[in-house]
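The chain contents come next:
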Amino acid sequence: MRFKTTLFVVLLGLMINRSLAQDYVLDYILDADSVKYEGYISEATPRSIKVGLIRKNKDQEFPAGAIKGYFDGMSSMTYISKKVLNAGTDEEDFIFIPKGKTINEETTVKFKEGEMKFILNEKVSYLFITTNVDLSPGNRIVVTELYLENDKVGLKKIPIGFSGDKTETSRILVGYFWDNFSILKKINTGQIKNTAKGIKELVQEYLLSNTTTTNN
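A brief look at the structure comes next.

Rules behind the numbers
- Residues numbered from 1 in each chain as written.
- Predicted model: local features only at pLDDT ≥ 70, side-chain atom pairs only at ≥ 80, totals over all residues.
- Heavy atoms only, no water.
- Helix = DSSP H or I, 4+ residues; strand = E, 2+ residues; numbered from the N terminus.
- Buried < 20%, exposed > 50% of the residue type's maximum accessible area, 1.4 Å probe, protein only.
- Areas by Shrake-Rupley, 256 points an atom, 1.4 Å probe, with all protein chains shown as cover.
- Phe/Tyr/Trp six-rings, centres within 6.5 Å; stacked < 30°, edge-to-face > 60°.
- Lys NZ or Arg CZ within 6 Å of the ring centre and 35° of its normal.
- Salt bridge = Lys/Arg side-chain N within 4 Å of Asp/Glu carboxyl O.
- Pairing = 2+ DSSP bridges.
- Axes fitted to C-alpha atoms, helices over the stretch in contact; angles between N-to-C directions.
- Polar contact = N/O pair within 3.5 Å; in protein donor to acceptor, adjacent residues only side chain to side chain.
- Contact = heavy atoms within 4.5 Å.

### Structural notes on the overall build of the chain
In step 1: The helix and strand inventory of the chain stands at four helices and twelve strands.
In step 2: Classification of the 216 residues of the chain by burial places 37% in the buried group.
In step 3: Surface accessibility of the chain: about 13500 Å² in total, with carbon and sulfur atoms responsible for 54%.

Encoded structure:
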């Protein structure tokens, strides 16, 4: 009886392991020439990814500007590298953004030392990134970044908060919401809230109005 029980447990374990192996999809990156390399993601942030590539002896780190993107097999989410068009620095800035599916409800993904909240839509996508930065032992600050993106305008950083230039914010927002009279009126009359929550409400209103128009 003990032998039969042990044999059953072993067989059950093999079945479970085989099932997990079939369901799991390898992570992979697409290099600058769109060549696919499979491996296992060990660490991901909005601006870099560390991957243990198949047939390599150690993890390799890839900045967002060095590859075209990557696929996370665990979440079945594809990330592509996008250039921040209004980075405002001498050096180019790239970040990895989720792409390839419509997610109209705010969703959160965790990464090392922070998280990204996003709403994905071909009309306009919202990405709010918070990163914990250690300035010195015991001295940590939270850096917040807000981006909007679509295929027509591209990826742009939105100035928000006390240091945000509301005039510049309004100018950028017009480029994303130019075809919605109600939202344009809010922007031009200074009714927008220059916060991540305020911009998210604009995005949600925009997507809802487009859905309503389509349904009608």
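There is more to say, and it comes next.
### Quick notes on the packing of aromatic side chains
In step 1: Evaluated as defined, the whole model comprises four aromatic pairs.
In step 2: Ring centres of Tyr70 and Phe96 lie 5.1 Å apart, and the angle between their planes is 85 degrees; this geometry places the pair in the edge-to-face category. With Tyr70 in strand β5 (residues 67-72) and Phe96 in strand β7 (residues 94-99), this residue pair connects regions lying 26 residues apart in the sequence.
In step 3: In this structure Phe96 comes out as buried when scored by relative accessible area, which is 1%.
In step 4: Taken together, the ring pairs connect Tyr70, Tyr79 and Phe96 into an aromatic cluster.
In step 5: When the ring centre of Tyr28 is taken as origin, the NZ or CZ atom of Lys36, which lies over that ring, is 4.4 Å away.

### Brief notes about the pattern of salt bridges
In step 1: Across all of its chains, the model carries 17 salt bridges by this definition.
In step 2: Ionic pairing is found between Lys200 and Glu106, a salt bridge with its closest N-O pair at 3.3 Å. Here Lys200 is found in helix α4 (residues 196-215), whereas its partner Glu106 is found in strand β8 (residues 103-111), with 94 residues between them in sequence.
In step 3: We classify Lys200 as buried; its relative accessible area is 18%.
In step 4: Since its relative accessible area comes to 33%, Glu106 is described here as partly exposed.
In step 5: Sharing partners across several salt bridges, the network here consists of Arg47, Asp93, Glu145 and Lys157.

### Here's the deal with the sheet that holds β8
In step 1: Within the open sheet, the five strands sit side by side as β8-β9-β10-β11-β12. Their pairing is antiparallel. Looking at the sheet topology across the chains shown, the edges are occupied by β8 and β12 (154-157). Strand-to-strand twist of the sheet, defined as the mean angle between neighbouring strand axes without regard to direction, takes the value 20 degrees.
In step 2: Here six bridges tie β8 to strand β9 (residues 114-120), and the two strands are oriented antiparallel to one another. Among the inter-strand pairings, Lys110 is bridged to a residue of β9, identified as Glu115.

### Re the side chain of Glu115
In step 1: Mapped onto the fold, Glu115 is located in strand β9.
In step 2: Within the structure, Glu115 has its side chain in polar contact with the side chain of Lys110 (distance 2.6 Å).
In step 3: Those residues in contact with Glu115 that sit more than four places away from it in its chain are Thr108, Val109, Lys110, Phe128, Ile129 and Thr130.

### Some remarks on the sheet that holds β7
In step 1: Taken in spatial order, the seven strands line up as β4-β3-β2-β1-β5-β6-β7 in an open sheet, and their pairing is antiparallel. Sheet topology places β4 (60-63) and β7 at the edges, where each strand pairs with a single neighbour. The mean inter-strand angle of the sheet, taken between neighbouring strand axes irrespective of direction, is 35 degrees.
In step 2: The pairing of strand β1 (residues 27-31) with strand β2 (residues 36-45) spans four bridges and is classified as antiparallel. Counterpart to Leu30 in the pairing with β2 is Lys36.

### A closer look at the side chain of Thr169
In step 1: Tracing the chain through its elements places Thr169 in helix α2 (residues 166-177).
In step 2: Overall, Thr169 belongs to the buried group, its relative accessible area being 0%.
In step 3: One polar contact links Thr169 to Asn194, side chain to side chain, over a distance of 3.3 Å.
In step 4: Excluding residues within four positions of it along the chain, Thr169 makes contact with Ile158, Pro159, Ile192, Asn194 and Ile199.

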